[in-house]
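Residue strings, one per chain:
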Amino acid sequence: MTMPDDATTLIEPAAMTLADARAIVSDCLTHVWYREGLRDDPPASLAGYSLAQLVEANRIVRDDPGDRQPDGTTRVMMNCDDRLVAALYVATHYEPEDQRDATPIAILNNGGLFYIKGLE
C-alpha cells in the first residue's frame, strides 16, 4: 500500500481488530455528537484515518453481533451510515472553496466510458 507523505496512522483494513474498529467508530460518533451540540469538548481529529479505514471500521462494528453480558443481555455499539462516514472524511480532508472560484467540470460519455474534464 502506498502511503501519502502526510499520513499519520495506518491500520491495514485486513488486520483491523474489533477494538481498533470500535475506537475509530467512537471517534466518528464523537464528531457527530459534537457537531449536534451533545458534547462540549472538541473531538480529536480524524485526519489520521484513511477513508478505507473509516469504512472498514464501520463495517466491522456493524457486523459484530455484540457482547453477551452475564445477565443475559447483549451490548452492541452504535455505528454510522456509510454516507456519514464519507461526509466526515470529506469534512476532515478537504477545505471548502468559494463557488465562484471553483473550476466547473463536465462528465462526457464516450461509448460507455465516462471522462471528467475541467472547463477552463
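Use the structure listed above.
Anyway, here's the lowdown on the structure attached to this text. This is a predicted model, so every value here is computed, not measured.

1. Topic: the packing of aromatic side chains
Under the definition given, this model contains one aromatic pair. Judged by centre distance (6.5 Å) and plane angle (65 degrees), the rings of Tyr89 and Tyr94 are edge-to-face. Accessibility expressed as a relative area gives 19% for Tyr89, which makes it buried.

2. Points about helix H2 (residues 51-63)
For an α-helix the count is 3.6 residues per turn, leaving residues at separations of three or four pointing the same way. Between its terminal C-alpha atoms H2 stretches 18 Å, which fits the 18 Å expected from 13 residues at 1.5 Å a residue. Taken together, the buried positions of H2 are Gln53, Leu54, Glu56, Ala57, Asn58, Ile60 and Val61. Close packing links the buried residues of H2 with helix H1 (18-35) and helix H3 (82-93).

3. Some thoughts on the side chain of Gln53
Looking at where Gln53 falls in the secondary structure, it is placed in helix H2. From its side chain, Gln53 meets the backbone nitrogen of Ser50 in a polar contact 2.6 Å long.

4. Thoughts on the nonpolar core
Core analysis: the largest hydrophobic core is formed by 16 residues, its most contacted members being Met16, Ala21, Ile24, Cys28, Leu54 and Ala57. Sorting the residues of this core by element identifies H1, H2 and H3 as the ones contributing at least two each. Broken down by element, this core gets its largest block of residues, five residues, from H1.

5. Things to note about H3
Given a rise of 1.5 Å per residue, 12 residues ought to cover 16 Å, and the 17 Å separating the end C-alpha atoms of H3 matches this to within 8%. Among the residues making up H3, those that are buried are Val85, Leu88 and Tyr89. Projection of H3 onto a plane perpendicular to its axis shows the buried side chains occupying an angular sector of 100 degrees, all on one side. Where the residues of H3 are buried, they touch H1 and H2.

Reading the values: the criteria
Residues numbered from 1 in each chain as written. Predicted model: local features only at pLDDT ≥ 70, side-chain atom pairs only at ≥ 80, totals over all residues. Heavy atoms only, no water. Phe/Tyr/Trp six-rings, centres within 6.5 Å; stacked < 30°, edge-to-face > 60°. Buried < 20%, exposed > 50% of the residue type's maximum accessible area, 1.4 Å probe, protein only. Helix = DSSP H or I, 4+ residues; strand = E, 2+ residues; numbered from the N terminus. Expected span 1.5 Å × (residues − 1). Contact = heavy atoms within 4.5 Å. Polar contact = N/O pair within 3.5 Å; in protein donor to acceptor, adjacent residues only side chain to side chain. Core = buried A, V, L, I, M, F, W, Y, C linked by side-chain atoms within 4.5 Å. Arc of directions from axis to C-beta.

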